[in-house]
Every structure is written in structure tokens, then in C-alpha cells.
Amino acid sequence: MQRLIKVNVMLALFVLSSTLSGCINKPKVDEIKIALDIEDDGRYDELFELYKEQTGITVKATYGQDVGKLIGTKDEPDIIKTSTVIIEAMRPSLTDLTTLINGDATLKLSDYLDPIIEALTIDEKVYALPTSVNTSLLYYNKAMFKDHETAIRSALNLGPEESIYPQPSWTYDDFQKAGVAMTKCSGAPPHHFGAETQLNWWGEWYVYVQQMGGSFYVPNTNNHKVALTTPEVIAATTFFREKAMGAEGVKFSPNANEMASANSFLAGNVAMIFGGHLGDWFSYDAIDLDWDIEVLPKPVGRPEAPGGELSADAFGISVRSKKVQESFGFLKLWAGKEGALKMYEHGKIGALKNMQAYIEELPSDKQKNIKIEALFAAINEAIVLPREQDFANIMRNFVMSELYKLMIDGRGAETDVVAVLTKIERNVNNYYRDLYGDN
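Parameters at a glance
Residues numbered from 1 in each chain as written. Predicted model: local features only at pLDDT ≥ 70, side-chain atom pairs only at ≥ 80, totals over all residues. Heavy atoms only, no water. Pairing = 2+ DSSP bridges. Helix = DSSP H or I, 4+ residues; strand = E, 2+ residues; numbered from the N terminus. Right-handed = clockwise from strand over helix to strand, strands pointing away. Phe/Tyr/Trp six-rings, centres within 6.5 Å; stacked < 30°, edge-to-face > 60°. Buried < 20%, exposed > 50% of the residue type's maximum accessible area, 1.4 Å probe, protein only. Lys NZ or Arg CZ within 6 Å of the ring centre and 35° of its normal. Core = buried A, V, L, I, M, F, W, Y, C linked by side-chain atoms within 4.5 Å. Contact = heavy atoms within 4.5 Å.

Q: What's the story with the pairing of strand 1 (residues 31–36) in this structure? I'm lost.
A: Two faces belong to every sheet, and in a regular strand the side chains alternate between them. Two strands pair when backbone bridges link them, and strand 1 and strand 2 (residues 58–63) are joined in this way by 6 bridges, in the parallel orientation. If you follow E31 over to strand 2, its bridge partner there is T58. For the handedness criterion, the β-α-β arrangement of strand 1, helix 2 (residues 45–55) and strand 2 is classed as right-handed.

Q: Looking at this structure, I do not really get the packing of aromatic side chains. What am I missing?
A: Aromatic rings in a pair are described by how distant their centres are and how their planes are angled relative to each other. Across all of its chains, the model carries 33 aromatic pairs by this definition. Seen in terms of ring centroids, Y208 and F274 are 4.6 Å apart; in terms of plane orientation they differ by 35°. Their pairing is tilted. Taken together, the positions of Y208 in helix 10 (residues 203–211) and F274 in strand 8 (residues 272–276) put the pair 66 residues apart, joining distant regions of the chain. Judged by its relative accessible area of 0%, Y208 falls in the buried class. One aromatic cluster is present, formed by W201, W202, Y206, F216, Y217, F391, F398, Y431, Y432 and Y436 through successive ring pairs. Sitting above the plane of the F252 ring, K243 keeps its charged end 5.6 Å from the centroid.

Q: Would you explain the nonpolar core in this entry?
A: Among soluble globular proteins, nonpolar side chains are generally buried collectively. Within the largest apolar cluster, 73 residues are counted, with the highest numbers of intra-cluster contacts made by Y139, W281, W334, I349 and L375. Beyond its immediate stretch of four places on either side in the chain, I349 contacts T131, S132, V133, L278, W281, Y344, M355, I359, L375 and F376. Counting 57 residues, the second largest nonpolar core, distinct from the first, contains Y140, F175, M395 and I408.

Q: Is there a simple way to think about the environment of V324 in this case?
A: Tracing the sequence through the fold places V324 in helix 13 (residues 324–335). C-alpha of V324 to C-alpha of I116: the two residues are 208 residues apart in sequence and 23 Å apart in space. With residues up to four places along the chain from it excluded, the contact list for V324 reads L100 and I317.

Put into C-alpha cells, the structure is as follows:
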């Protein structure tokens, strides 16, 4: 009996010793890893330092590496960049954050823009926190507007006291008339254009489609079937083409033959960008461009038309990370008020519902000299992009490659909008049919 007691005591001591040893020898986390885009180099250093001051944990960032190639390797970051558009495709690599969020007394999903959180939620599970929002805006070069003041006043029939700059009430007609008034694309350069043409990105065209009342996907097809030969999509595509390919008095943006770095908003000889992104603010400020923003113009007769896209950069935690709690702590900081205000210094806008109020509370010398109320008005009328894992690739590989042919003179050019949309529709539907069968 005494021997049995001694054995039991020894076993208990061994278990206790092993437990204590495990606790004592558990490695202390002093570093978490994150992979960022090359243009983010230096932008988040202050935020990294703030987290280190608060926790003692270093955020080690790499820049410009393809995250897709790092996933599953020894160099995989703890924190992975995603977005409202590609969250579906990246879900297998991301940790479900729902339990962590529900167990945190300071983080409330209700503090964020509802459409953004809904887009980051799949099957009632949240896989990432939004760090900055993006929406489509009308950007304009104030200096070019001033240089063409007389022509703009005449084109828009403005009185001497009325503003020559874009207004919330602008229609496509106002957009075009002001654009034509600032366009000079014949004769010797430098040429000037009223607006950019976005041919390397589908955002501009897609906004016209939405605003004209069109839809890319057929409802109730699980976003696996498109109908692009509707009157609305045809009208949107025609407007997109005519602004670059139309006759004098209609044309106010460069076509594909005229596209060059010299004919750009950044170069100072293009007056407006329809559907520009917040991510470009940093570049505009870096070159001291005299710019401002307004909500997007609407089609004539459609004042209730939606705005442009609403999306967000977001970050999640790798399913293979052994530093989940520490990584979650940094995400909380980054996606919260403190992190959002740090990001605002670099032209990023947090996805928080109270973000406008937070900005307006800042000292005047910390605020940007732009019409910030236009930004939040645009956010309120914007629409989230379809959450379909192939959407972005389809837009690049099937849509823009064909639309490009409508925007060029010479070999390979197309002039029939309906024929081009019919081809895109057929190719996209065949692609989905091969993947998922008939819808």
C-alpha cells in the first residue's frame, strides 16, 4: 500500500513537473511576419513601432513578394493580405477569426461598414479584418480646370459666381461637356484630355454598367452566368467607347493609340479620372498635384443610380501560423481607430463607420486639403463587387482584352459594341460551364 502511494505521488510530481516545464520552456513570441506590396514599403513603420511599444513584439515585413508563392512554405507570413474581392478564393489559407472576435471585449464588428464585414464573412465565419476601404471617385486636377475656366463656363452655362469644379449633381452630360472643353488632342503636343481612359483595369467600365442599371451576372445563377447584351450594358459600353473614340465634340479621353505616360492625370495634362482609387492619394501628394475629389456623375435621368465599387483591403491570419493570438492583437490595432488614423497620414481610409468623424476631429494641419465629405458620400452610395472567386481574373482575361479592341485604331480593331459584348458573354459563360456545368 505504501509503495502504491509513493508511486502515485511520484507520478503526480512528474506530471506537475512536466506541466511547469512546458510552461516555462514555451518560447516567447517576439516576432510576427507579414508580407506587403512593394508600394507599402515604409508606410506602416510607425504602426509597427507602436505595436512593439505596446507588446514588445516586432512586426517583420517583407515587400513585393508574391504571397501566393509563400503560402505553405517556411517563409509563409503569419498575417496574409486579402480583400473583399478575393476572400472566397483565399479562404482555405485563412484562420476563422470568429471565436477570437467574439471573445474580445474591445473589438466590435458593428463598428465597421456593414457591406465590408458581410463581404469578409463566409458561412457566418469572419476570415479577415478590413484595414482600409476603397471606393470609386471622380478625381480632378484643379489647375487644369482653372486654366480652362472660360471654356468650362461656356460649356456648362455657368454664371460668374458658380463653381467651375465638378458638383454632386453632375450628370454624364456635364462630365462630357467639361471634358470636351479641356481636350486638345490634335496638332503638336502637348495634348490635353478631359479625362483618363482606364484600359488596364476594368473598374471604369464596370461602374458605367452598374450606373446604367446593368448587371454583370444573371441573378440567381450563383454568379456563374453573365448577360452582357442587355440595353443597359450596351449603353454603358457605348459611352465608354465614345468618350475615347468619338468625333470632335464628343471625345474627351485618349484611346489606346494615344495612351502614354505623358497623357495621364499624374503628368498633369488629363483633367479627370472617373472611378479613381484611394490608393493613388499617396502618389498625388508626392508630386504636389493640385487635386480634389467629388462623387461620381450619374447618367442623365438616373439620379438614383448607384455609385461605384466599394471594397476593402483586409488581412487575415494563416491557418498554419503558430502565433495566432499575437497576430490577432496586431490586426486589432491596425483595423481599429488608432491604426486607422495612422493610415490616414498615408492616404488610407479605415473601414470604420465613424471614420469621417475621426478625421474631422483631427487638427486642421493633420487633415488633407480635399473635399472629405465627398468621399463618405461616395462610400454610402457604392456597391460591393461580386464575391466570386474568378471575377477579377475573368474581368482581366475575358472582358478587358476584348473591350480593348473597341478602343484602338488599326489592326485588330473592332467597332461593333454588340458583337464584342456577345463574344465576351459567350466566352465567359463557356468558362463557367466548363467549371460548373449548365446553370
